[in-house]
Every structure is written in C-alpha cells, then in structure tokens.
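# Structure at a glance
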Amino acid sequence: MTTIDAPRTPVATTRRGVNLEKWGWMYMRVSGVLLVALIFGHLFVNLVAGEGVKQIDFAFVAGKLSDPFWQVYDTLLLWLALIHGANGMRTLVNDYVAKPGVRRALHFALAASTAVLLILGTLVIYTFDPCPVGADPELVASFCGDL
Amino acid sequence: MPAKVAGTAASSSAPLTVPAPRPPAIAGTLYRGREGMWSWVLHRITGVAIYFFLLVHILDTALVRVSPEAYNAVIGAYKTPIMGLGELALVGAILFHALNGLRIILVDFWETGTRHQRTLFWVVLGVWAVLMIAFTPRHLIAVFGG
Ligand code: HEM
C-alpha cells in the first residue's frame, strides 16, 4: 500500500543556495518587459516605417549596423529574446517529456543551439563590414562611395 | 451522486443530498476552462512559433556577413506574397504573446491582478485587434502594392 506523509508534516529539508528556478521565472518577466519595447521598436523600424518589408536589403542592414545605437539594440534583442525563448522551451520540455534521457538530450540541444546562435549573432553584429571590398556597388549602402 | 451522510438512518429510501458547495469567495480566479486557460494555450503556441522563427531569423541575418548577394537572395523570399501573409501571422503571434505576457506579469505582481485576469484577457484581445487593424493594411500594401 502506498502511503503519504501525514498532513502538515514539515518539509524534511530546506534547500539551501540560490534558487535557479526562481531566477529563471524572474528572468522571463524582466526580459519580457524589455522585449516589448525592443520588439515593438524592431518591428516598427523594419516593417512599418519607410517602405516596410520591401526596403530590407543588404544596404538597409548595413546602414543600421554601422550605427553603434543599432549594434547595441540588436545585441540586446538577440540575447534577451533567444535566452527567453530557450528557457520557455525548457518549460515545455519539462511539461511534456517524461523520459529522463530524452529530457536531458533536449535540454542539451536547447543549451547548445542557444550558445552557438548567441556567439554567431554577436560576431555578425561586431565584425560586420558594411562596405565589403570588391562588392557590387549597386548592392552596398550609398555611404560606401566608390570602392 | 447524492452523498451518503454517515450516521443517518437507512430507514428512509429517499436520496440524501448535501447543499451545493459555496461559490468560491474570490470569483474569477480559477484559470481552468475559460479565458485563463485559452490565454495560456495561445501564449504557449505563439511562444513556440516565435522561437522557431527566431532560430531561422538569426541565421538568415547572419548572411550579411557572407555577401550582399547571399543576403539579398534570402531576404527576397520574405517579400513574396505567401511569406508576406506568413509575416502577418507572425506579427499577430508576437503581438499576442507580448500583450498577454504583460497580462501574466500583472497577474503575478499586482495584488489584485488575479481577480482581473479575465478582464485583462479581453483587454489584451482588444489592444491586439487595434494594433492588427493598424498593421495589416500597411503591411499588405508593402507586399502587394507597387
Ligand atoms: C514581446 C515580449 C515578450 C513578453 C512580454 C513575453 C512574456 C512571457 C512571459 C511572462 C512568459 C511566461 C513565463 C512563465 O510562465 O513562467 C513567457 C513564456 C514564453 N515565451 Fe515569451 N515573452 C515575449 C517574447 C518572446 C519571444 C521573442 C519568444 C521567442 C523567442 C518567446 C518565447 C516564449 C516561450 C517559448 C515561452 C514558454 C511558454 C510556456 O511556458 O507556456 N517570448 N513569455
């Protein structure tokens, strides 16, 4: 027969140290508030202002990413959104995946893909050359002059 | 099922009943089954959809580091009619997730937020509709217009 503890039995051990789940929970909310501002701005500048989606091409991105403001903006967007999304996906894995091995594999896949994409995205933002040598002058921003 | 009350005589064959439980003292705080549950379902689906788009979006943007031709070729796909409609759905999903995310935060941190969770859901849908009414023609003109 299975038994359960009598009601009001005190919790046997109080866990010490940082409660990572609590901070994950806090992170979802803090990053959420920041993401509202960042994502609304991102959608407005790229899809609403100017010519909308039709304006997006290499020269448009070059114009943005050669400005330190947009470099910092896009870095924040990348890190906050990807970690928020990956941590949210971790919640789904915990909810729906019961097998410990599969769970561990999916947690690992989430962590690995997040790390790779954060490094890739950050490198792209800071090593980007808006006027690549030898590029077709038709395709680069007007400020590149003649290369 | 009428409840059997211990200690009552079994002589009467009339079914014994107990009064229905009182309605919860704090009405409207139960999440399951109604607005609260559907907002959760939508929040989850939109969160996953946005996540998978973000993975692709980081990769397509990384092509600016490859060559102008490579980036323009892939971003050209975002300007086709089919993708244009997909972007509309994506913006709809992001706006819902963002607004409902703020609702979740209010329910968690505002003392009486839980009591208002149902009203807040309709506020989310209302603001979402206004934003979509503003965005949809603007985007469709960009995609299908000259
Ligand atoms: C626009 C601003 C955003 C806000 C205000 C927001 C807010 C939230 C909040 C409050 C949660 C609930 C966390 C919990 O229940 O503990 C959440 C979950 C989640 N978010 Fe976001 N979020 C935003 C953007 C994003 C983005 C850009 C992504 C994708 C990359 C994303 C993906 C997810 C996922 C997958 C979950 C888990 C869903 C679940 O547990 O049911 N969110 N979000």
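Residues numbered from 1 in each chain as written. Chains lettered and ligands numbered in written order. Predicted model: local features only at pLDDT ≥ 70, side-chain atom pairs only at ≥ 80, totals over all residues. Heavy atoms only, no water.

### So, the overall build of chain B
In terms of helices and strands, chain B carries 4 helices and 0 strands. Helices and strands appear in chain B in the N-to-C order α-α-α-α. When burial is assessed residue by residue, chain B has 32% of its 146 residues classed as buried. Taking as baseline every contact in chain B between residues at least 6 positions apart, the subset at least 24 positions apart corresponds to 64%. As presented, chain B carries roughly 8900 Å² of accessible surface, and 74% of it is formed by carbon and sulfur atoms. (Helix = DSSP H or I, 4+ residues; strand = E, 2+ residues; numbered from the N terminus. Buried < 20%, exposed > 50% of the residue type's maximum accessible area, 1.4 Å probe, protein only. Contact = heavy atoms within 4.5 Å. Areas by Shrake-Rupley, 256 points an atom, 1.4 Å probe, with all protein chains shown as cover.)

### Looking at the overall build of chain A
A tally of regular secondary structure across chain A gives 4 helices and 0 strands. Secondary structure elements of chain A occur, N-terminal to C-terminal, as α-α-α-α. In terms of overall size, chain A is more extended than a compact globule, its C-alpha atoms giving a radius of gyration of 23 Å where 147 residues would be expected to give roughly 15 Å. Viewed in the frame of its principal axes, chain A has a C-alpha envelope of about 85 × 30 × 30 Å. Here chain A holds 147 residues, and 37% of them are scored as buried. Sequence-distant contacts in chain A: of pairs separated by 6 or more residues, those separated by 24 or more amount to 66%. By element, 68% of the accessible surface of chain A is carried by carbon and sulfur atoms, the whole surface being about 9500 Å². For chain A, the separation between the mean place of its 11 positive charges and that of its 11 negative charges on side chains is 27 Å. (Rg over C-alpha atoms; globule rule 2.2 N^0.38 Å. Lys, Arg positive; Asp, Glu negative; His and termini not counted. Charge placed at Lys NZ, Arg CZ, Asp CG, Glu CD.)

### Overview of the state of the cysteines
Residues and elements named next belong to chain A. Evaluated as defined, the whole model comprises 1 disulfide over all chains. Through a disulfide, Cys131 is tied to Cys144; the S-S separation comes to 1.9 Å. The chirality of the disulfide connecting Cys131 with Cys144 is left-handed, given an S-S dihedral of about -80 degrees. In this pair, Cys131 sits in the segment after α4 (100-127) while Cys144 sits in the segment after α4, placing the two residues 13 residues apart along the sequence. For the pair formed by Cys131 and Cys144, the shared burial category is buried. (Disulfide = S-S within 2.5 Å.)

### Side note on the coordination of the iron atom of the ligand
Protein-derived ligands of the iron atom of the ligand are His84 of chain A (NE2) and His97 of chain B (NE2), with the metal-ligand distances lying across 2.0 to 2.1 Å. Given 6 donor atoms and angles of 87 to 179 degrees at the metal, the environment of the iron atom of the ligand is assigned as octahedral. Of this pair, His84 of chain A sits in helix α3 (residues 68-96) while His97 of chain B sits in helix α3 (residues 81-109), which puts the two residues in different chains. Taken individually, His84 of chain A and His97 of chain B each receive the classification buried, so the pair is uniform in this respect. (Donors = N, O, S within 2.8 Å, 3.2 Å for Na, K, Ca; no water. Tetrahedral: all angles 85-135°; square planar, octahedral: opposite > 155°, others 65-115°.)

### Considerations on the environment of Gly50 of chain A
Position of Gly50 of chain A relative to the elements: it lies in the loop between α1 (20-48) and α2 (58-65). Among all residues touching Gly50 of chain A, those that are not within four sequence positions of it are Gln55 of chain A together with Arg138 of chain B.

### A short note on helix α2 (residues 68-76) of chain B
Of the residues making up α2 of chain B, those classed as buried are Pro68, Tyr71 and Ile75 of chain B. Within α2 of chain B, the buried residues cover an arc of 70 degrees as seen down the axis, which keeps them to one side. (Arc of directions from axis to C-beta.)

### Let's talk about the interface of chain B and chain A
How large an interface is tends to be reported as the accessible area lost when its parts come together. Counting from both sides, the interface comprises 39 residues of chain B and, opposite them, 46 residues of chain A. Of the roughly 3400 Å² buried between chain B and chain A, counting both surfaces, carbon and sulfur atoms make up 74%. The largest share of the area that chain B buries against chain A comes from Arg44, Tyr51 and Lys79 of chain B, three residues that together contribute 18% of it. Viewed at the interface, chain A and chain B are joined by 2 salt bridges. Note that Arg44 of chain B and Asp95 of chain A form a salt bridge whose closest N and O atoms lie 2.6 Å from each other. For the side of chain B that touches chain A, the secondary structure elements donating two or more residues are α1 (35-62), α2, α3 and α4 (117-144) of chain B. Examining the composition of the side of chain B that touches chain A, we find that 12 residues originate from one element, α1 of chain B, more than from any other. (Buried area = accessible area lost by both parts, 1.4 Å probe. Salt bridge = Lys/Arg side-chain N within 4 Å of Asp/Glu carboxyl O.)

### Examining the pattern of salt bridges
Any two side chains of opposite charge can pair if their charged atoms end up close together. Residues and elements named next belong to chain B. For the structure on display, the rule yields 5 salt bridges over all chains. Between Arg34 and Glu35 there is a salt bridge, with its nearest N and O atoms 3.3 Å apart. Classification of Arg34 by relative accessible area gives partly exposed; the value is 46%. By sharing partners, the salt bridges in this structure join Arg34, Glu35 and Arg118 into a single network.

### What about the site of the ligand?
Close to the ligand lie 24 residues; Arg29 and His84 of chain A together with His43, Arg44 and His97 of chain B are nearest. Residues within reach of the ligand are spread across chains A and B. Within the contact set of the ligand, a nitrogen atom lies 2.8 Å away from a side-chain nitrogen or oxygen of His84 of chain A. For the ligand, an oxygen atom lies 2.6 Å from a polar atom in the side chain of Arg44 of chain B. Counting residues per element, the ones that place at least two in the shell around the ligand are α1 and α3 of chain A together with α1 and α3 of chain B. Class assignment for the residues of the shell around the ligand results in 13 nonpolar, 9 polar and 2 charged. (Near = heavy atom within 4 Å. Polar contact = N/O pair within 3.5 Å; in protein donor to acceptor, adjacent residues only side chain to side chain. Nonpolar A, V, L, I, M, F, W, Y, C, P; charged D, E, K, R; others polar.)

Any functional reading would require information beyond the geometric quantities listed.
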